[in-house]
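A structural walkthrough
Spelled out, the chains give:
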Amino acid sequence: MARVCQVTGKKPITGHKISHSNIKTNRRFLPNLKTKRFYLAEEEKWITLKLSTEGLRTINKKGLYVVVKEMRAEGAKV
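Residues numbered from 1 in each chain as written. Predicted model: local features only at pLDDT ≥ 70, side-chain atom pairs only at ≥ 80, totals over all residues. Heavy atoms only, no water.

**Comments concerning the pairing of strand β4 (residues 45-52)**
- Note that strand β3 (residues 33-40) and β4 share eight bridges and pair antiparallel. Across the sheet, Leu33 pairs through a bridge with Ser52, a residue of β4.
- Linking two consecutive strands that pair antiparallel, namely β3 and β4, is a turn of four residues; a positive phi of about 55° is found at Glu44 within it. (Pairing = 2+ DSSP bridges. Helix = DSSP H or I, 4+ residues; strand = E, 2+ residues; numbered from the N terminus.)

**Quick notes on unusual backbone geometry**
- For Asn22, which is not glycine, the phi dihedral falls at a positive 70°.
- Within the element layout of this structure, Asn22 appears in the loop between β1 (13-18) and β2 (24-29).
- Take Asn22: its relative accessible area is 48%, and that puts it in the partly exposed class.
- If you check the backbone angles, Glu44 has positive phi at about 55° while not being a glycine.
- Its location among the elements puts Glu44 in the loop between β3 and β4. (Buried < 20%, exposed > 50% of the residue type's maximum accessible area, 1.4 Å probe, protein only.)

**Description of the nonpolar core**
- Judged by nonpolar contacts, Cys5, Phe38, Leu40, Ile47, Leu49, Leu51, Ile59, Leu64, Val67, Val68 and Met71 together constitute the single largest core of 11 residues.
- Mapped onto this core, the elements with two or more residues apiece are β3, β4 and α2 (64-73).
- Considering each element in turn, this core owes the most residues, four residues, to α2.
- Aside from chain neighbours lying at most four places away, what touches Val67 is Val7, Thr58, Ile59 and Lys62. (Core = buried A, V, L, I, M, F, W, Y, C linked by side-chain atoms within 4.5 Å. Contact = heavy atoms within 4.5 Å.)

**Some remarks on the side chain of Ser52**
- With respect to the helices and strands, the residue Ser52 is situated in strand β4.
- Only 3.5 Å separates the side chain of Ser52 from the side chain of Thr8, close enough to count as a polar contact.
- The contacts of Ser52, once residues within four sequence positions are left out, are Cys5, Thr8, Lys10, Asn32 and Leu33. (Polar contact = N/O pair within 3.5 Å; in protein donor to acceptor, adjacent residues only side chain to side chain.)

In structure tokens form, the structure reads like this:
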């Protein structure tokens, strides 16, 4: 399963791990993902989303139904 937020599209990025002696080795920075169940009252069903914490804040701000409608408009299966 990909480590991608379903709402914001955040995914891992790459960078350097820098040691005490300033040696740079490649590493990945992973998004802070949470799996969360929501009750979609308009459709009377539960949905499970894999979200970053920024995605959770987006749902709190806009509302679940608006976010799900936008996701479906972009072609995501929810």
